[in-house]
Amino acid sequence: EPEVTQTPSHQVTQMGQEVILRCVPISNHLYFYWYRQILGQKVEFLVSFYNNEISEKSEIFDDQFSVERPDGSNFTLKIRSTKLEDSAMYFCASSESSNTIYFGEGSWLTVV
Amino acid sequence: EDQVTQSPEALRLQEGESSSLNCSYTVSGLRGLFWYRQDPGKGPEFLFTLYSAGEEKEKERLKATLTKKESFLHITAPKPEDSATYLCAVQYLYGGSQGNLIFGKGTKLSVKP
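Below: a short report on this structure. Along each chain, numbering runs from 1 in the same order as the chain's sequence is written. The lettering of chains begins at A and the numbering of ligands begins at 1, in the order of writing. With the structure being a predicted model, the display of local features is reserved for residues of pLDDT at least 70 and the display and counting of side-chain atom pairs for 80 or more, all residues being used for whole-chain, interface and lining totals. Think of the side-chain values as coming from all heavy atoms in the structure, minus any hydrogens and water.

This next bit is on the packing of aromatic side chains. Only the six-membered ring of Trp is used, alongside the rings of Phe and Tyr, when aromatic pairs are assigned; centres must lie within 6.5 Å, and planes under 30 degrees apart are stacked while those over 60 apart are edge-to-face, with the rest tilted. Applying the stated criterion across every chain yields a total of 17 aromatic pairs over all chains. A ring pair is formed by Y35 of chain A and F103 of chain A, whose centres lie 5.3 Å apart and whose planes are at 55°; its orientation type is tilted. Residue Y35 of chain A is found in strand β4 (residues 31–37), and its partner F103 of chain A is found in strand β10 (residues 102–103); the two are separated by 68 residues along the sequence. Summarising the burial analysis for this pair, Y35 of chain A and F103 of chain A share the class buried. The interplanar angle of 5° and the centroid separation of 6.3 Å between the aromatic rings of F34 of chain B and Y36 of chain B together place this pair among those described as stacked. For the pair formed by F34 of chain B and Y36 of chain B, the shared burial category is buried. Counting every residue linked through ring pairs, the aromatic cluster contains Y33, Y35, F45, F91, Y102 and F103 of chain A together with F34, Y36, F46 and F103 of chain B. Each helix is a run of DSSP H or I of at least 4 residues and each strand a run of E of at least 2, with the numbering of both proceeding from the N terminus. Burial status follows relative accessibility: with a 1.4 Å probe on protein chains alone, a residue under 20% of its type maximum counts as buried, one over 50% as exposed, and anything between as partly exposed.

This is the structure we're talking about:
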């Protein structure tokens, strides 16, 4: 069964460093998303991406964050100048239309 | 104010003891209501999408239903492997976008043998 793949599964970074989280969406999907889940809290929407541009973003997704689809298969989330409060599980998701959205297993980011 | 509220927060059942989880929402212009299962430290696993009041979908021991203001996830004769957190999320239309998902806090289900 096709799945969304994320790397790394866990990353520890020092405050102020830049982090890139990588995702390989399901191959025929057109819509891509990043969500995050702070420990013990709700899953929160960050950004959606379609047709090589951001289609929607939340208030959380400020200038510290950026997304890119550098080639035909990868979708990345870059977090610049990380802060302690960026520690969370980051989920990549993809969908063929917007009707069935599949999530990856997540990248757990710890900022120390 | 929460737009998606799930109840109960936690539910403990004996194996075989059927029950229902509730998801109520306040958004207008609902595009879809999604149910996911999440195991600890894992990503949400897609279960169902419901689009209109009266719609029902089933998968193994799970059945999801939708009304105009809430959805129920019915679990029939649960087994210990059904233990997980069940997440509800709504997707609504605004500004012509395809609509992001707004999640509830989830219901943590424990099924004891």
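Residue and element names in this part refer to chain A. Of the two faces of strand β3 (residues 19–24), the one holding V19, L21 and C23 is buried and the one holding I20, R22 and V24 is not buried anywhere. Strands qualify as paired when DSSP identifies two bridges or more between them. In the sheet, strand β1 (residues 5–7) pairs with β3 via 3 bridges, with the strands oriented antiparallel. Across the sheet, T7 pairs through a bridge with R22, a residue of β3. The pairing of β3 with strand β8 (residues 75–79) spans 5 bridges and is classified as antiparallel. Note on β8: the bridge partner recorded for R22 is T76.

A word on the nonpolar core. Note that soluble globular proteins tend to have their nonpolar side chains buried in a common cluster. Residue and element names in this part refer to chain B. As used in this record, nonpolar core signifies buried Ala, Val, Leu, Ile, Met, Phe, Trp, Tyr and Cys residues forming a set joined through side-chain atoms within 4.5 Å. Counting residues in each nonpolar core, the largest one holds 25 residues, and the members touching the most others are L33, W35, L73 and Y86. Elements represented by at least two residues in this core include exactly β2 (10–14), β3 (19–25), β4 (30–38), β5 (45–50), β7 (62–66), β8 (70–75), β9 (84–92) and β11 (107–112). Examining the composition of this core, we find that 5 residues originate from one element, β9, more than from any other. Beyond its immediate chain neighbours, meaning those up to four positions away, L33 contacts C23, Y25, F48, T49, L50, L66, S71, C88, A89 and V90. Contacts: residue pairs with any heavy atoms within 4.5 Å of one another.

Residue and element names in this part refer to chain A. One open sheet holds the 4 strands; their spatial order is β1-β3-β8-β7, and the pairing between them is antiparallel. Bordering the open sheet on either side are β1 and β7 (65–68), each of which pairs with just one other strand. Mean inter-strand twist for the sheet, computed between neighbouring axes without regard to direction, equals 20°. In this analysis, axes come from line fits to C-alpha atoms, helices being fitted only over the stretch in contact, and the angle between any two N-to-C directions falls in the range 0 to 180 degrees.

A few words on the interface of chain A and chain B. At the interface, 20 residues of chain A touch 24 residues of chain B. What counts as buried area is the accessible surface, traced by a 1.4 Å probe, that two parts surrender upon association, with contributions from both included. Both faces combined, the contact of chain A with chain B buries some 1,800 Å², and carbon together with sulfur accounts for 52% of it. The largest share of the area that chain A buries against chain B comes from K42, E56 and N99 of chain A, three residues that together contribute 32% of it. Definition used for salt bridges: Asp or Glu carboxyl oxygen within 4 Å of a side-chain nitrogen of Lys or Arg. Summed over the shared surface of chain A and chain B, the result is 0 salt bridges. When residues of the side of chain A that touches chain B are assigned to their parent elements, the largest contribution, 4 residues, is made by β4 of chain A. Residues of the side of chain A that touches chain B, tallied by class, amount to 10 nonpolar, 7 polar and 3 charged. Each residue is assigned to one class: nonpolar for Ala, Val, Leu, Ile, Met, Phe, Trp, Tyr, Cys and Pro, charged for Asp, Glu, Lys and Arg, and polar for all the others, Gly among them.

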